[in-house]
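Spelled out, the chains give:
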Amino acid sequence: MACGLGPYVGEGRRTNVGRRDRLRVLVEEALVKDIMRIGGDIVSSERFAKARSVPHHSKDGNIAVHSMETAGYALLLARWLGEHGVEVSEVDAVRASLLHDIGMTVDEVFLSPSYIKARSHPREGARIAREEYGASEKQVDAVRRHMWPVWHVIPPMSAEGWVVSLADKCCSMHEVGRTTGETVEAAGKWILHRWHRFSKLLSRWGKQ
Ligand SMILES: [Fe+2]
Ligand SMILES: [Fe+2]
């Protein structure tokens, strides 16, 4: 889960691998405690238990683990932003992160073709967040727009919404990288490579 944000993980990078791993475990344990303090009711709910059986991003991944990891990234990001003068509610960031993909637990959503699933799970998730978990409007908006800029023209309306969206992307890249046996850096390089090719194509198209 560790993603190199600020002093929480960054200090470990300057030491040897053993110490870094120990630090990572400590960071993750502390994060899980905080996530449970803020969103324990969500994690222990029946629907979240169902999320464990919904695969996501990798062979051994699922929505529940992905959502916990996204909440971990969001918490680190919120704290890092707080240290830099941007106020972000940890409660809203964590709860919206835990709920951001909960729409995937609806069978009709999960079983639909991937492009429909990608479009409909934020909307369905926002409904579930409001109706089943009593989410605040800020949390509902963060869930509804977490896929931005994919499928959504309008970005999240709060700092917490941006944090959730960014945390989800960091986490997804990490998971996809893990699946292919690559690191986050390698996944980033792959995206840059594809972008480079795409921009080359665009400039060729512009000259025609
Ligand atoms: Fe999503
Ligand atoms: Fe996600």
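Since this is a predicted model, take the numbers as computed values, not measurements. (Residues numbered from 1 in each chain as written. Chains lettered and ligands numbered in written order. Predicted model: local features only at pLDDT ≥ 70, side-chain atom pairs only at ≥ 80, totals over all residues.)

## With respect to the environment of leucine 75
Considering the arrangement of structural elements, one finds leucine 75 in helix H4 (residues 63-83). For the pair formed by leucine 75 and aspartate 92, sequence separation is 17 residues and the distance between their alpha carbons is 10.0 Å. Filtering out sequence-adjacent residues up to four positions away, leucine 75 remains in contact with Leu31, Asp34, Ile35, Glu90, Ala93 and Val94. (Helix = DSSP H or I, 4+ residues; strand = E, 2+ residues; numbered from the N terminus. Contact = placed C-beta atoms within 7 Å.)

## Focus: unusual backbone geometry
In this model, tryptophan 148 is joined to proline 149 through a cis peptide bond whose omega is 5°. You can see proline 149 is positioned in the loop between helix H8 (137-144) and helix H9 (159-179).

## Here's the deal with the packing of helix H5 (residues 90-99) against H8
The description of two helices packed together rests on the angle between their axes and the distance between the axes. One way to put it is that H5 packs onto H8 with a least axis distance of 9 Å and a crossing angle of 45°. Relative to H8, the element H5 is oriented oblique. Crossing of H5 over H8 shows right-handed handedness. Across the interface between the two elements, Asp92, Arg95, Ala96 and Leu99 from H5 touch Lys138, Gln139, Ala142 and Val143 from H8. The residue makeup of the contact of H5 with H8, split by class, is four nonpolar, one polar and three charged. (Axes fitted to C-alpha atoms, helices over the stretch in contact; angles between N-to-C directions. Parallel < 35°, antiparallel > 145°, perpendicular 65-115°, else oblique. Left-handed = near helix turned anticlockwise from the far one by under 90°. Nonpolar A, V, L, I, M, F, W, Y, C, P; charged D, E, K, R; others polar.)

## Focus: the environment of alanine 135
Relative to the helices and strands, alanine 135 is located in the loop between helix H7 (114-133) and H8. Its 23 C-beta neighbours within 10 Å are what place alanine 135 among the buried residues. Leave out the neighbours within four places in its chain, and alanine 135 touches Arg95, Leu99, Ala129, Arg130 and Val140. (Buried ≥ 20, exposed ≤ 12 C-beta atoms within 10 Å, placed from the backbone.)

## Focus: H7
Of all the bends found along H7, the most pronounced is centred on serine 120 and spans about 35°, while proline 122, a proline, follows it within four residues. Within the sequence span of H7, burial applies to His121, Pro122, Glu124, Gly125, Ala126, Ala129 and Tyr133. The first or second residue beyond H7 is glycine 134, which carries a positive phi of 55°. (Bend = angle between axes of the 7 residues up to and from the residue.)

## A word on the nonpolar core
With 38 residues, the main nonpolar core has Ala74, Leu75, Ala93, Leu99 and Val163 as its most contacted residues. Counting only elements with at least two residues in this core, the list comes to helix H2 (17-43), helix H3 (46-51), H4, H5, H7, H8 and H9. Among the elements that take part in this core, H4 stands out by supplying 10 residues, more than any other. Every residue in contact with alanine 93, bar those within four places of it in the chain, is listed here: Ala74, Leu75, Ala78, Val88, Glu160, Val163 and Val164. (Core = buried A, V, L, I, M, F, W, Y, C linked by C-beta atoms within 7 Å.)

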